Amino acid sequence: MSKKIIVILGPTASGKTGLSIKLSKKFKGEVVSADSRQVYKGMDIGTGKITKKETQGIPHYLLDVADPKKRFDVAQYKILADKAIEKIFNKGKIPFLVGGTGFYIQSIVDNIQILNVKPDWKLREKLEKKPLPELYRMLAKLDPARAHNIDKNNPRRVIRALEIVLKSKRPIMPLIKNKPAFEVLLIGVKRPKKELKKLIEKRLLKRLDEGMISEIKKLHKSGVSWKRLEEFGLEYRYVAQYLQNKLSYGQMVWHLQKATEHYAKRQMTWFKRDKRIKWIKDTKQAEKLVKKFL
RNA sequence: GCCGGAGUAGCUCAGUGGUAGAGCACUGCUCUGAAAAAGCAGUGGUCGAAGGUCCGAUUCCUUUCUCCGGCA
């Protein structure tokens, strides 16, 4: 019998968390979060991190594993998540990978081989100062194949590609998808666009009500710079801007709503590519799928 | 009522005597250690209305309507 994991994914505010608890309770599951922001300590309200009470005793992994002052990335995520999944298997439970960060989910589900070139932030800073076309020309010289299919307008991609050639002294390898060590069921939670917008709005107001602004104030007081907070995006970005008086309260709310809607759309664009995903309408349908899969 | 200013894309506005652009919104997309990040593309307007001048008006002129200031 091969090992099985269940993935619950979908755009923000679609109701993944609630479903994950229902399913993991019913099927003896434990949850591995696949959320690039919930990994950080102290970022709770703004990320919609599940509360202790809400977990109803279901163990959760990959929450609060990183310091917001430091950088976290897929590579670290993959190591920790693989470990958590292994641990759950050893307990005889079913791992539920739950979240909206497509890249993180892919790293697990497709067992992506991550290149052995660590980020070099000093180098990145240095490269960032140069004009993008110049960076692209450099890349075209050092790794023509990569330059050919890269997005030349995207500084982050170009810089990372350069980082790889410069540090490893050789062109980038093609992406390797290792054979996954387990069978995967991908469940997608989708909502009609209009409904999702309303859910986002409702949730945003709730978060403000719950003290999201003081959470972010607190993070800043504890040493997380405004720049860093703005880097996190969404709530952390716009509330940080509001706290610096770069935005009025009304502007902050408006931007936050729009940015979250855009984010949800980007998530869907990512997920749509994966034809393995089974999109469900309600919990019942999900339960059926899981039962059949197990 | 009088005097100014403004009416151009869903919104905020640029612009020109030869039938129009930007930012945002909207739609679609990309993704090899920042992924809630970082990028790309596309749709969209009888230029407030009616007359006039002109080969030709969104642009000039007249009238008209609406909005915003100021004065009564």
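Peer 1: Can you lay out the overall build of chain A for me, pointing to particular residues and giving the numbers?
Peer 2: The secondary structure content of chain A amounts to 14 helices and 6 strands. Expected size for 294 residues packed as a compact globule is a radius of gyration near 19 Å; at 20 Å, chain A falls within 12% of this value. In terms of overall dimensions, chain A has C-alpha extents of about 55 × 50 × 35 Å along its principal axes. Buried residues in chain A amount to 45% of all 294 residues. Taking all contacts inside chain A whose residues are at least 6 apart in sequence as the whole, residues at least 24 apart take part in 74%. Averaging the locations of the 68 positively and 30 negatively charged side chains of chain A gives two centres separated by 3 Å.

Peer 1: Describe in detail the side chain of Arg124, supporting the description with residues and values.
Peer 2: Structurally, Arg124 is set in helix 5 (residues 121-128). When residues no more than four places from it in sequence are discounted, the contact partners of Arg124 are Pro119, Ile159, Arg160 and Glu163.

Peer 1: An account of the domain arrangement of chain A is requested, with residue identities and associated values reported.
Peer 2: Assigned domains of chain A: these are domain 1 (115-174) and domain 2 (193-264). On a C-alpha basis, the centres of domain 1 and domain 2 stand 32 Å from each other.

Peer 1: Quick rundown of the sheet that holds strand 6 (residues 278-280)? Include the residues and the values.
Peer 2: Strand order in the open sheet formed by 6 strands is 3-2-4-1-5-6, and the pairing between neighbours is parallel. Across the chains shown, the open sheet's two edge strands, defined by having one partner strand only, are strand 3 (60-61) and strand 6. Relative to strand 5 (residues 183-189), strand 1 (residues 4-9) runs parallel, the two being bridged by 6 bridges. Bridge assignment links Ile6 to a residue of strand 5, and that residue is Leu185. Contacts from helix 14 (residues 283-293) reach strand 1, strand 5 and strand 6 within the one sheet, and its direction differs from that of strand 5 by about 175°.

Peer 1: For the protein's contact with RNA strand B, give the residues involved together with the corresponding values.
Peer 2: In the region of RNA strand B, 54 residues are neighbours, and Ser36, Arg156, Phe232, Lys265 and Arg273 sit closest. The sugar-phosphate share of atoms of RNA strand B within 4 Å of the protein amounts to 59%. Between RNA strand B and Lys193 there is a distance of 3.2 Å, counted from a phosphate oxygen to a side-chain nitrogen or oxygen. Elements supplying a minimum of two residues to the surface near RNA strand B: helix 3 (74-90), helix 4 (102-109), helix 5, helix 8 (155-168), helix 11 (226-232), helix 12 (234-243) and helix 13 (249-272). Per element, the largest residue contribution to the surface near RNA strand B is 10 residues, and it comes from helix 13. Here the residues of the surface near RNA strand B are counted per class, giving 21 nonpolar, 11 polar and 22 charged.

Parameters and conventions
- Throughout, a residue's number is its position along its own chain's written sequence, starting from 1.
- Chain letters start at A and ligand numbers start at 1, both assigned in the order the entries are written.
- Two thresholds apply to this predicted model, a pLDDT of at least 70 for residue-level local features and 80 or more for giving and counting side-chain atom pairs, whereas whole-chain, interface and lining totals are computed over all residues.
- Only hydrogens and water are set aside when side-chain values are computed; all heavy atoms of the structure are taken into account.
- The helix count covers DSSP runs of H or I at least four residues long, the strand count covers runs of E at least two residues long, and both are numbered beginning at the N terminus.
- Each radius of gyration reported is based on C-alpha atoms, and the globular scaling rule is 2.2 Å times the count of residues to the power 0.38.
- Relative accessibility thresholds used throughout: buried, under 20% of the residue-type maximum; exposed, over 50%; partly exposed, between the two (1.4 Å probe, protein chains only).
- In this analysis, two residues are considered to be in contact whenever any of their non-hydrogen atoms come within 4.5 Å of each other.
- The charged-residue count follows a simple rule in which Lys and Arg add positive charge and Asp and Glu add negative charge, with His and chain termini not counted at all.
- Charge positions are represented by NZ for Lys, CZ for Arg, CG for Asp and CD for Glu.
- Start and end positions for the domains come from either an automated domain assignment or a database one.
- Strand pairing is defined by DSSP finding a minimum of two bridges between the two strands.
- Note on definitions: angles span 0 to 180 degrees between N-to-C directions of axes, and those axes are lines fitted to C-alpha atoms, for helices only across the stretch in contact.
- A cutoff of 4 Å decides nearness: a residue is near a molecule or strand if any of its heavy atoms lies inside that distance of it.
- Identification of polar contacts relies on pairs of N or O atoms within 3.5 Å, with a donor-acceptor requirement for protein atoms, meaning one able to donate a hydrogen and the other able to accept it, and with residues adjacent in sequence counted only if both atoms are side-chain atoms.
- Side-chain classes are defined by residue name, with Ala, Val, Leu, Ile, Met, Phe, Trp, Tyr, Cys and Pro counting as nonpolar, Asp, Glu, Lys and Arg as charged, and the others, Gly among them, as polar.

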